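Overview (structure and organization)
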Amino acid sequence: MLSAQERAHVAQVWDLIAGHEAAFGAELLLRLFTVYPSTKIYFKHLGVCPDEAQLLTHGQRLLEAVGVAVQHTDHLRAALSPLADLHAQVLRVDPANFPLLIQCFHVMLASHLQGEFTVQMQAAWDKFLTEVAMVLTEKYQ
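To keep things clear, this report deals only with the structure shown in the data block.

Criteria and thresholds
All residue numbers here refer to positions counted from 1 along the written sequence of the relevant chain. Restriction of local features to residues with pLDDT of at least 70 applies here, the model being predicted, together with a cutoff of 80 or more for giving and counting side-chain atom pairs; totals for whole chains, interfaces and linings are based on all residues. Only hydrogens and water are set aside; all other atoms, that is, all heavy atoms of the structure, feed into the side-chain values. Here a Phe, Tyr or Trp ring, Trp counted by its six-membered ring, pairs with any other such ring whose centre lies within 6.5 Å, and the pair is stacked when the planes are under 30 degrees apart, edge-to-face when over 60, and tilted otherwise. Helix and strand labels come from DSSP, where a helix needs a run of H or I of at least four residues and a strand needs a run of E of at least two; each type is numbered from the N terminus. Each residue's exposure class comes from its accessible area (1.4 Å probe, protein chains only) as a fraction of the maximum for that residue type: buried when under 20%, exposed when over 50%, partly exposed otherwise. Between N-to-C directions, angles cover 0 to 180 degrees, with each direction set by a line fitted to C-alpha atoms, over the stretch in contact for helices. Whether a crossing is left-handed or right-handed is set by the direction in which the near helix is turned from the far one by less than a right angle, anticlockwise for left-handed and clockwise for right-handed. We call two residues contacting when some pair of their heavy atoms lies within 4.5 Å. We call Asp, Glu, Lys and Arg charged. Ala, Val, Leu, Ile, Met, Phe, Trp, Tyr, Cys and Pro are nonpolar, and the rest, Gly among them, are polar. We define a salt bridge as a side-chain nitrogen of Lys or Arg found within 4 Å of a carboxyl oxygen belonging to Asp or Glu.

**Some words on the packing of aromatic side chains**
For the coordinates displayed, the defined rule picks out two aromatic pairs. With centroids separated by 5.5 Å and ring planes inclined at 15 degrees, the aromatic side chains of Phe105 and Trp125 adopt a geometry described as stacked. One end of the pair, Phe105, is in helix α5 (residues 97-113); the other, Trp125, is in helix α6 (residues 119-137), with 20 residues separating them in the sequence. For the pair shown, Phe105 and Trp125 are each scored as buried. Chaining the aromatic ring pairs together yields one cluster made of Phe105, Trp125 and Phe128.

Structure (structure tokens):
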């Protein structure tokens, strides 16, 4: 569970991302696919070499889901339940991929926010994204 200060850090960073979900999300996916090519297996609908429009569309959906989580930090299970069902029961994403996405998320934030992305913010986002990943993997059987 996030402390009040950690929530403030998460919200502060999200305020910088909000409105740019497609661009940030596309960059996040491209970074994930480049560093961890095996993760592309879960995105077959994007093809072997996804074009910019596809990355922007799926990237926006990805970051919109993060935005929902940011808005519902106290009720992540309820807010992310449909997404957890989708990932566990339909897409069957290997839970080992979530830490890879989290790592790429941190690198993306650090590269854009640079000095604004303090150690405390990084720690808060790491804790937050780890909680999101735990919620998404709870429905795996």
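**With respect to the packing of helix α1 (residues 4-17) against helix α3 (residues 52-71)**
Two elements in contact, α1 and α3, have axes separated by 11 Å at closest approach and are oriented at 145 degrees. Crossing geometry of α1 relative to α3 is assigned as left-handed. For the pair α1 and α3, contact is made by Val10, Trp14 and Ile17 and by Leu63, Val66, Gly67 and Val70, respectively. Classifying every residue of the contact of α1 with α3 gives six nonpolar, one polar and no charged.

**Overview of the pattern of salt bridges**
Counted by the stated rule, this structure contains five salt bridges. For the salt bridge of Asp74 with Arg7, the shortest nitrogen-to-oxygen distance reads 2.3 Å. Taken together, the residues span a long stretch of sequence, with Asp74 in the loop between α3 and α4 (76-90) and Arg7 in helix α1 at a distance of 67 residues. Taking relative accessible area as the criterion, Arg7 reaches 26% and is therefore assigned partly exposed. Close ionic contact of Glu27 with Arg31 constitutes a salt bridge, the shortest N to O distance being 3.2 Å. In this pair, Glu27 and Arg31 both sit in helix α2 (residues 21-35), four residues apart, roughly one turn of the helix.

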